[in-house]
Every structure is written in structure tokens, then in C-alpha cells.
Amino acid sequence: MKLYSTNDKTNVVDLKEAVLNAFPKDQGLYMPVVIPRLPDSFFEHINQFDFAELGFHVAQNMIGSYIPEAALYQLIQRSINFPAPLIKLSEHIFTLELWHGPTMAFKDFGARFMAELMSYFLRNEDRETTILVATSGDTGGAVAAGFYKVPGIKVIILYPSGKVSTLQEKQLTTWGENISAVEVDGVFDDCQALVKAAFIDEDLKSKYNFSSANSINIARLLPQSFYYFEGYKQIADKQRPIVYSVPSGNFGNLTAGLLSVEMGLPVHKFIAATNENKTVPNYLETGNYEARPSVPTISNAMDVGNPSNFPRMKALFGNDSSTWNLINKKVLGDYYSDKQTLQAIKDIKLSYDYTADPHGAIGYLACKKYLKEFPDHQTIFLETAHPGKFNKPMEKAPGGLNQPEKLRAFMSGNKISIPCSNSYEDFKALLID
Ligand SMILES: *Cc1c(COP(=O)(O)O)cnc(C)c1O
């Protein structure tokens, strides 16, 4: 499997290089050179595959023989070992629950697959690898869970102090062993900038073997395409158009959806549903991409002002003067305030007796709006995390906060974090220490 950098099409690497060295020198992002279409027979037989088998076929379609079949199969069996059920709320609205993994957010898919893939690539290495990961809430916990006690790998998580939920913070800071958490006095974009700066720091590179676990890592994106197929599989009526509404922050999830379409999945449209951090919906409306500082909201995992996967989305639509037109044919933008989000959580409970989390609720609102124009289509909003992860907004919701045992177990752990300012000098000193 070959990948090119979005900043230089001639910069081509293989999958191992792209996964272990996720930032190309030209500061682009790696994308597959070819994304083969799956054969018609795959779609005809899609109902016969369980989720992991389905993931295996999709992965093999992209990765080919680069990883031996038996190894790839095992890697997927181990990482995709929890379901993604499609719940029918009405004839027109479904939700795909992506939170059945160990940290109860969809990030578990990408993080677990990436951990397995990195371990596979590093199986014969004797040098320790340090994984740096900036998180707006859920990535860090999922990455920690994926790499916990994996020999030869150290994980350093950066998160914005006071801007993640209590539970999310516990999922970042209570591991110990090979996992450490840096509590940055700043916003998510600061954390992301610190990680990027460390990667291009030649001085650090000579001392450490760094890798990144952010959604810029292509190993995170590949498995995220699996569940778009899994959702499609579970829809009974495959004739009516299917629309995926994707609650978005860094836009890794939506990019993975676009990859699944390249592979032939019949998705009619995607909705890029955001909170007030609406850089991409604005771009879709005006054609101008204007990065903004992130604004804190109750759907905090989407508080991203400069989405890191945006160059990948553009790359999939040619990255030229016609990109904006093409992207608008496939992706619609929509955004909602905190007030609307809280109201939506109530409405979903009252109308369908279903509890959505604040991120999923934004996806739901986008479905409702879409259906006003296209009432006979089928919309699926991704339920990206379990509502029990978001204590503050959910305490006010009908039915209150409900935390499954898996989450309560995290709450009883002891927080250990390393405080740091948002200046690179401080962060570097801390790394070297
Ligand atoms: C990360 C996350 C998102 C945003 O996903 P992106 O791939 O960054 O767009 C949405 N909801 C939840 C719960 C998340 O953890």
C-alpha cells in the first residue's frame, strides 16, 4: 500500500512509514495513492459478514498483500471486537452506536486498530517508540486503552486543562505504567500545535523515536471506514437514499466516510454537523476556509477551530479550483448551538425514548433539518460516544446521568497529570526531563 502527502504528490511512502512517521516533512497528510473499489459481489453478500469479517475485507481491499492475510485478519479480530449496532428511531432516522468499545467513544476503533498495527510494524524493533497525542477529550483515553502495557511503546497525552469532562479526564490520567498525561494550560489547538512542533524538532528527533496517534495518523482513519459499511449492512431498505450525519471536530470520522464511498459504498450524502466551531460548514457555504480559535461547547470533543483532516477532504475532491463545487455535491454543512443541543437531547428522549449524547444530538438535529427537504430519505446519525461520558450536560437531561459500570470504574481511579504551559519551550523541557 502506497501513500502520498497532500502537500506533495511525489512524496510517496509505504504504509509502515506513514503509520510510524505520521507527519510528512512537507507538513501534508498521508493519503492512499489508490483507493480500490470493492467488487459488486462484496456488496451482494454484505449481510453474510460479521463486523470483523467486513472490516477485514475492507482493510484488505486497501492494504492488499502488504500485510500477510493471516496477520491482518488477526489484527482486525483483536481490534474490532465490539459491535456497532444500528438503532432505528423512526422510518427515516437511525443512529449508529459507535461507543461499545473500552472507553465508550468511537475513537476506540481507530486507536485499537492503530495500536495493533504499530505493534505489528514494531515487532522486531528494539528502540522504544514514544507516541504523542493531543486530545480534545476522547482520543487520549482510547489511545491509552489501546497501548496500555504494550511493550516498547510509551504514550504521552496532551489535553487542555479544564476543557474536558471529569470522566474524560479520568480516562486520560489514571493509567500509570507506560501512559502519562500532560495537562496543558490552553485550548486543544495549543495541544495540537505542541505535538506538531515536537515532531519537526530535529533536536528531539535525534533523541527519541516519535510517532503520532492523532487522527492525522492514517492508521486511525482506515478502521473508521469499516463502520460505515456496518451501518449500511444493517439498513433493511437499501433502495432509498442513505445519508450519514457525522458530528465533526477534526473531521477524521467524516474523511473515513468519504473513503468508504471511494470504495463503492452507496452513501447519498454526508452531513458535516458541528457545534459553534463551524469552520467547515462556513467553508461549504462560502468557499473560504478560515481557521478560528476553538470555542468551548458542551460537545467538547468537537471544539476544533482548524480541523486537521480538512486537507484530506480536499484531496479527495481533487484539491483544485473545482474542489469546492465537488465537495458541495457530496457534503452538506450544518451547525448548532449548545442551547439547541440540550433541547435536542430532550426531544430525542421524548420522541423516541432514546438518550443521545451532546455530539450525537447535533448529528440528529442535522438529520431533522435534512429530512424537511428530503422526507423519504434515510438518515443515520453517528452516536460518537456514550452519553454517560458527559456528566454536566447529561445531569440536566431527562432521565439524568446514567454511567455504565465501564465508565464508573474510571471515575474511581486517581488522577496523575503533569501541568504544562502552552509554550513549546516548556513542553520540550518536560519531554527531555
Ligand atoms: C472525536 C469526537 C468527535 C469528532 O470526531 P472527528 O473525527 O474529530 O471529526 C465527535 N464526537 C466525539 C464523542 C468524539 O470523541
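See above for the structure.
A. Region of the structure containing the environment of Lys207. Along the chain, Lys207 falls in helix H9 (residues 202-207). The spatial distance from the C-alpha of Lys207 to the C-alpha of Ile432 is 8.9 Å, given a sequence separation of 225 residues. One polar contact links Lys207 to Asp203, side chain to side chain, over a distance of 3.0 Å.

B. Local environment of the pattern of salt bridges. Across all of its chains, the model carries 16 salt bridges by this definition. Among the salt bridges present, the one from Lys428 reaches Asp203, with a minimum N-O distance of 2.9 Å. Pair noted here: Lys428 is in helix H20 (residues 424-432) and Asp203 is in helix H9, with a separation of 225 residues, a long-range link. Arg292 serves as the salt-bridge partner of Glu290, at 3.9 Å between the closest nitrogen and oxygen.

C. Focus on the sheet that holds strand S3 (residues 30-32). Read from one edge of the open sheet, three strands run S2-S1-S3, paired in antiparallel fashion. Looking at which strands have only one partner, the edges of the open sheet turn out to be strand S2 (8-14) and S3. The sheet shows a mean angle of 40 degrees between the axes of neighbouring strands, taken without regard to direction. Examined bridge by bridge, strand S1 (residues 2-5) and S2 share four bridges and lie antiparallel to one another. What sits directly across from Leu3, in S2, is Val13.

D. Looking closely at the site of the ligand. What surrounds the ligand is a group of 15 residues, the closest being Lys107, Asp138, Gly249, Asn250 and Thr384. Separating an oxygen atom of the ligand from a backbone N or O atom of Phe251 is a distance of 2.8 Å. Within the backbone of Gly252, one N or O atom sits 3.1 Å away from an oxygen atom of the ligand. Relative to its free-state accessible area of 380 Å², the ligand is covered by the protein chains to the extent of 97%. The residue makeup of the shell around the ligand, split by class, is six nonpolar, seven polar and two charged.

E. Structural context of helix H8 (residues 188-199). The first and last C-alpha atoms of H8 sit 17 Å apart over twelve residues, in line with the 16 Å expected at 1.5 Å per residue. Those residues of H8 not exposed but buried are Phe188, Asp189, Cys191, Gln192, Leu194, Val195, Ala198 and Phe199. Among the structural elements, strand S6 (129-134), strand S7 (153-160), strand S8 (179-184), H9, strand S9 (210-212) and H20 are those in contact with the buried residues of H8.

F. Highlighting the nonpolar core. Among the nonpolar cores identified, the biggest contains 130 residues, and Leu15, Tyr227, Phe229 and Tyr244 are the most heavily contacted of them. Per-element tally for this core: the top contributor is helix H5 (residues 107-121), with nine residues. Each residue touching Tyr227, except ones within four places of it in the same chain, is listed here: Phe51, Ala84, Leu96, Leu98, Phe106, Phe109, Tyr244, Asn253 and Leu382. Among the nonpolar cores identified, the runner-up in size contains 22 residues, and Val182, Leu194, Phe199 and Phe427 belong to it.

G. Representation of the pairing of strand S5 (residues 93-97) in the model. Here S5 lies mainly inside the structure; five of its five residues are buried. Side chains of S5 alternate between two faces, with Ile93, Thr95 and Glu97 and Phe94 and Leu96 buried alike. Where strand S4 (residues 86-88) meets S5, three bridges bridge the pair, whose relative direction is antiparallel. Each bridged residue has a counterpart across the sheet, and for Leu86 the counterpart in S5 is Leu96. Hairpin geometry of S4 and S5 is characterised by an intervening segment of four residues between the two adjacent antiparallel strands. With five bridges connecting them, S5 and strand S13 (residues 378-383) associate as parallel partners.

Calculation notes
Residues numbered from 1 in each chain as written. Predicted model: local features only at pLDDT ≥ 70, side-chain atom pairs only at ≥ 80, totals over all residues. Heavy atoms only, no water. Helix = DSSP H or I, 4+ residues; strand = E, 2+ residues; numbered from the N terminus. Polar contact = N/O pair within 3.5 Å; in protein donor to acceptor, adjacent residues only side chain to side chain. Salt bridge = Lys/Arg side-chain N within 4 Å of Asp/Glu carboxyl O. Pairing = 2+ DSSP bridges. Axes fitted to C-alpha atoms, helices over the stretch in contact; angles between N-to-C directions. Near = heavy atom within 4 Å. Areas by Shrake-Rupley, 256 points an atom, 1.4 Å probe, with all protein chains shown as cover. Nonpolar A, V, L, I, M, F, W, Y, C, P; charged D, E, K, R; others polar. Expected span 1.5 Å × (residues − 1). Buried < 20%, exposed > 50% of the residue type's maximum accessible area, 1.4 Å probe, protein only. Contact = heavy atoms within 4.5 Å. Core = buried A, V, L, I, M, F, W, Y, C linked by side-chain atoms within 4.5 Å.

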